[in-house]
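Structural description and commentary
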Amino acid sequence: MTDAHTTGPFIAAIDQGTTSSRCIVFDKDGRIVSVDQKEHEQIFPKPGWVEHDATEIWENVQEVVAGAIVKAGITAADVKAIGITNQRETTLLWDKNTGEPVHNALVWQDTRTDGLCKELGRNVGQDRFRRETGLPLASYFAGPKVRWLLDNVEGLRERAERGDILFGTMDSWVIWNLTGGTDGGVHVTDVTNASRTLLMNLHEMQWDARILQSMEIPAAVLPEIRSSAEVYGTAKGGVLDGVPVASALGDQQAALFGQTCFSEGEAKSTYGTGTFMLMNTGETPVNSYNGLLTTVGYRIGDQKPVYALEGSIAVTGSLVQWMRDQMGLIKSAAEIETLALSVEDNGGAYFVPAFSGLFAPYWRSDARGVIAGLTRYVTKAHIARAVLEATAWQTREITDAMTKDSGVELTALKVDGGMTSNNLLMQTLADFLDAPVVRPMVAETTCLGAAYAAGLAVGFWPDTDALRANWRRAAEWTPRMDADTRDREYKSWLKAVERSMGWLDDNTAEE
Ligand SMILES: Nc1ncnc2c1ncn2[C@@H]1O[C@H](COP(=O)(O)OP(=O)(O)O)[C@@H](O)[C@H]1O
Ligand SMILES: O=P(O)(O)OC[C@H](O)CO
């Protein structure tokens, strides 16, 4: 039920994440009224391959939306708009006549398109499309995944060219289904999600015809690119029947929005399955020379787009999941903190979780995970510490690159996401960055950002200043590590990173 102090109307946000889908209902002060969440299956058909069942995801989305509305004790009439946020890059093709996916979704972590990306960059290099898209050629992004599906699902290319097949990242899939599916569902994506496909021209905010041709992707499959905050359509059927669907943002951009990083130079880092730091760079895209991505931060209606620099880390929370599910060393994600706290340091062990290669700032698809520095002394508790330190060191590498690219020195880092409930990790982060780490009252900034954008689109909130007023600090960690220790440890980490590179070669090919 809604608490006694909370009165409607409300905004609902759907976060279709890598690990789970959730729906949160927010009130006008940006406070959480109710939450419902459901995990979905992670499918690993081969080393390096990661898939999701998009039908399961859509069923879960419907379930959590109903759950959140029931828990809030409200009806569709109390909800002014629905916002969508999603795991980015995860790629789906479906039949527009039946609504059936033609294959499992290929998840952003999936590395099966490595060879294809190398091929596309042959003789010209991995930065072939960087000027247009802000991205290096890498298996992380959606475009090569679309190409893989068109090449590998029998008969699909012909169906796509006939106009029977739709492509979408999870925002498009959720919005299409929410607005009626085969019965008039709208096929759209927003500029932030489109900026992760390697197919959108960052300067024109449109699909790039030359790149589509190079990647052999028919334009007929593509959704229309819209802003992040506008009404795309209304929900058809379900508990939110008739409610405007009024925002879409990739989850990391939604977190930037939810953390109210509306001014140039403001940055946040989100600690979930992976970790993603984004810095608002204003109305002009900033090129990166240090391994970061240039991406769209958000676009509100017909206002000018706001750009961001991004440092993406593929494996952080998923390393904790791996310790729990694959290794059985902990029973719950939270237990990693207790285990790590049972020892004073990493015992000399450094864990580089290059499970999907290394993302920023290296973009090395030939890297694979290593634990360096092992001796008989090392226990599972030391490994637990090395797991948490890996997240903190990877963040340090990103902040160093951000400073080089933007010229902005980090004075404090705004954080959010599931891993920020780990106090030891947050302290380690402050120590390794040598800067304060600050967490807001509403740690669910991803959903909050989607709710804010939807609320702006329907006039629920007047402007971004009204949103800023809602941001409140809940916790802060300040650095305690001496500079010598930090520098020594950083060198060891960088040495371990070097050892993860070049593992994949002809002898160890994964296909
Ligand atoms: N106390 C904790 N310590 C370390 N990692 C945690 C903790 N709690 C959750 N996690 C990790 O955080 C991730 C979930 O965070 P969340 O923000 O919900 O992720 P996502 O949005 O990517 O699904 C999981 O990968 C989980 O292993
Ligand atoms: O679902 P998350 O929170 O792990 O975010 C995934 C990112 O959007 C991938 O780019």
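Residues numbered from 1 in each chain as written. Chains lettered and ligands numbered in written order. Predicted model: local features only at pLDDT ≥ 70, side-chain atom pairs only at ≥ 80, totals over all residues. Heavy atoms only, no water.

1. Observations concerning the UniProt feature "binding site: ADP" (unreviewed entry) in the protein
Residues annotated in UniProt with the feature "binding site: ADP" (unreviewed entry) correspond here to Thr18, Arg22, Thr273, Gly317, Gly418 and Asn422. Positionally, Thr18 belongs in the loop between strand 1 (10–16) and strand 2 (20–26). Relative to the assigned elements, Gly418 resides in the loop between strand 21 (413–416) and helix 13 (423–433). On the accessibility criterion, Gly418 (62% relative accessible area) is exposed. (UniProt positions renumbered as here; feature names shortened; annotations may be inferred. Helix = DSSP H or I, 4+ residues; strand = E, 2+ residues; numbered from the N terminus. Buried < 20%, exposed > 50% of the residue type's maximum accessible area, 1.4 Å probe, protein only.)

2. Comments concerning the sheet that holds strand 15 (residues 267–271)
Taking strand neighbours across the sheet as the criterion, the 7 strands line up as 17-18-16-15-21-22-23 in an open arrangement whose pairing is mixed. The outermost strands of the open sheet, each flanked by one partner alone, are strand 17 (293–298) and strand 23 (473–477). Taking each pair of neighbouring strands and ignoring which way they run, the sheet shows an average axis angle of 30°. (Pairing = 2+ DSSP bridges. Axes fitted to C-alpha atoms, helices over the stretch in contact; angles between N-to-C directions.)

3. Considering the nonpolar core
In terms of nonpolar packing, the biggest core is built from 109 residues, with Leu93 and Tyr140 touching the most fellow members. Among the elements that line this core, the one with the most residues is helix 12 (residues 380–406), at 12 residues. Excluding residues within four positions of it along the chain, Tyr140 makes contact with Arg88, Glu89, Trp108, Lys145, Arg196, Phe276, Leu293, Glu310, Ser312, Phe359 and Trp363. (Core = buried A, V, L, I, M, F, W, Y, C linked by side-chain atoms within 4.5 Å. Contact = heavy atoms within 4.5 Å.)

4. Remarks on the site of ligand 1
Neighbouring ligand 1 are 16 residues, the closest being Arg22, Thr273, Gly317, Gly418 and Asn422. Measuring from an oxygen atom of ligand 1, one finds a side-chain N or O atom of Thr19 at 3.1 Å. Note that an oxygen atom of ligand 1 is positioned 3.0 Å from one of the side-chain N or O atoms of Arg22. Surface burial for ligand 1 is 85%, taken as the share of its 570 Å² of free accessible area covered by protein chains. At 4 residues, helix 10 (residues 317–325) tops the list of elements feeding residues into the shell around ligand 1. Here the shell around ligand 1 is built from residues that sort into 5 nonpolar, 10 polar and 1 charged. (Near = heavy atom within 4 Å. Polar contact = N/O pair within 3.5 Å; in protein donor to acceptor, adjacent residues only side chain to side chain. Areas by Shrake-Rupley, 256 points an atom, 1.4 Å probe, with all protein chains shown as cover. Nonpolar A, V, L, I, M, F, W, Y, C, P; charged D, E, K, R; others polar.)

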